[in-house]
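Listed below, chain by chain, are the residues.
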Amino acid sequence: MSAGGNAGFRPHSSGERRHGGAPPTGRVSAQKETPTDIAWVALGANLGNRSRQLALLRDLLQRDGVRIDAESQERLTRAVGVTNQPDFLNQVVRLRSPEPWPPRRWLQHTQRAEYDAGRRPTYRWGPRRADADILLLGEDGSMRYSDADLTVPHPSLPDRPFFGEMLAEL
């Protein structure tokens, strides 16, 4: 992480899994340590000015030499899990780092952007100002990874067809 801009950053507590879905299986792919310079990330916000929040997330994700290679259209979607909350504005972006990063470095990068954009711990599937979930890793999205905090491909991807549609735009 760069020295600037992360003074208040705290990773998500271990009680909050980064993406809904099933708990980790304890299995870790053979590619666990394989770094990649490509991450496919879902952005979302359902509090505040949602469009402005996504713009802020995009800006914050472009730190440490990371750039956005492609982005889908923004799309309004219903909340999943806890449904009695405002709709989410979502988008998918393809990020490229200046050098290959291991999966946990991508997780730190997205969590720092979320925190700096105003995300604070609430409850599973609760409302949020900023959400940046890693959907896929690798040039073609085929990289697999699993540990207690991160599972790639994102375990809820099959349950959220709108993310598949946005990935197809890229």
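Please refer to the structure placed before this passage.
None of the values given here were measured: they were computed from a predicted structure.

**Some details on the overall build of the protein**
Thought 1: Each helix and strand counted, the protein has three helices and seven strands in total.
Thought 2: The order of helices and strands in the protein, counted from the N terminus, is β-α-β-β-β-α-β-β-β-α.
Thought 3: Across the 170 residues that make up the protein, the buried fraction comes to 49%.
Thought 4: Roughly 8,200 Å² of accessible area belongs to the protein as shown, and the carbon and sulfur atoms make up 50% of that amount.

**Concerning the packing of helix α1 (residues 50-61) against helix α2 (residues 103-116)**
Thought 1: Contact geometry of α1 with α2 gives a least axis separation of 9 Å together with a crossing angle of 135°. It follows from the interaxial angle that α1 and α2 lie oblique. The interaxial crossing formed by α1 with α2 has right-handed handedness. The residues of α2 that touch α1, namely those facing L57, L60 and L61, are H109, T110, A113, E114 and D116.
Thought 2: Of the residues assigned to the contact of α1 with α2, the class counts are four nonpolar, two polar and two charged.

**Observations regarding the environment of G65**
Thought 1: With respect to the helices, strands and loops of the structure, G65 is situated in the loop between α1 and β2 (67-71).
Thought 2: Distance in space between the C-alpha atoms of G65 and S97 is 6.2 Å, their sequence separation being 32 residues.
Thought 3: Ignoring anything within four residues of it in the chain, the contact list for G65 reads R96 and P98.

**Examining the packing of aromatic side chains**
Thought 1: As enumerated under the stated definition, the model contains two aromatic pairs in all.
Thought 2: Relative to W106, the ring of W101 lies with its centre 4.7 Å away and its plane at 55°, an arrangement referred to as tilted.
Thought 3: Plain terms: the ring middles of F162 and F163 are 4.6 Å apart, the flat faces sit at 55° to each other, and that makes the pair tilted. F163 matches F162 in its accessibility class, with the two residues each being buried.

Cut-offs used in this document
- Residues numbered from 1 in each chain as written.
- Predicted model: local features only at pLDDT ≥ 70, side-chain atom pairs only at ≥ 80, totals over all residues.
- Heavy atoms only, no water.
- Helix = DSSP H or I, 4+ residues; strand = E, 2+ residues; numbered from the N terminus.
- Buried < 20%, exposed > 50% of the residue type's maximum accessible area, 1.4 Å probe, protein only.
- Areas by Shrake-Rupley, 256 points an atom, 1.4 Å probe, with all protein chains shown as cover.
- Axes fitted to C-alpha atoms, helices over the stretch in contact; angles between N-to-C directions.
- Parallel < 35°, antiparallel > 145°, perpendicular 65-115°, else oblique.
- Left-handed = near helix turned anticlockwise from the far one by under 90°.
- Contact = heavy atoms within 4.5 Å.
- Nonpolar A, V, L, I, M, F, W, Y, C, P; charged D, E, K, R; others polar.
- Phe/Tyr/Trp six-rings, centres within 6.5 Å; stacked < 30°, edge-to-face > 60°.

Read these as geometric descriptors, not functional statements.
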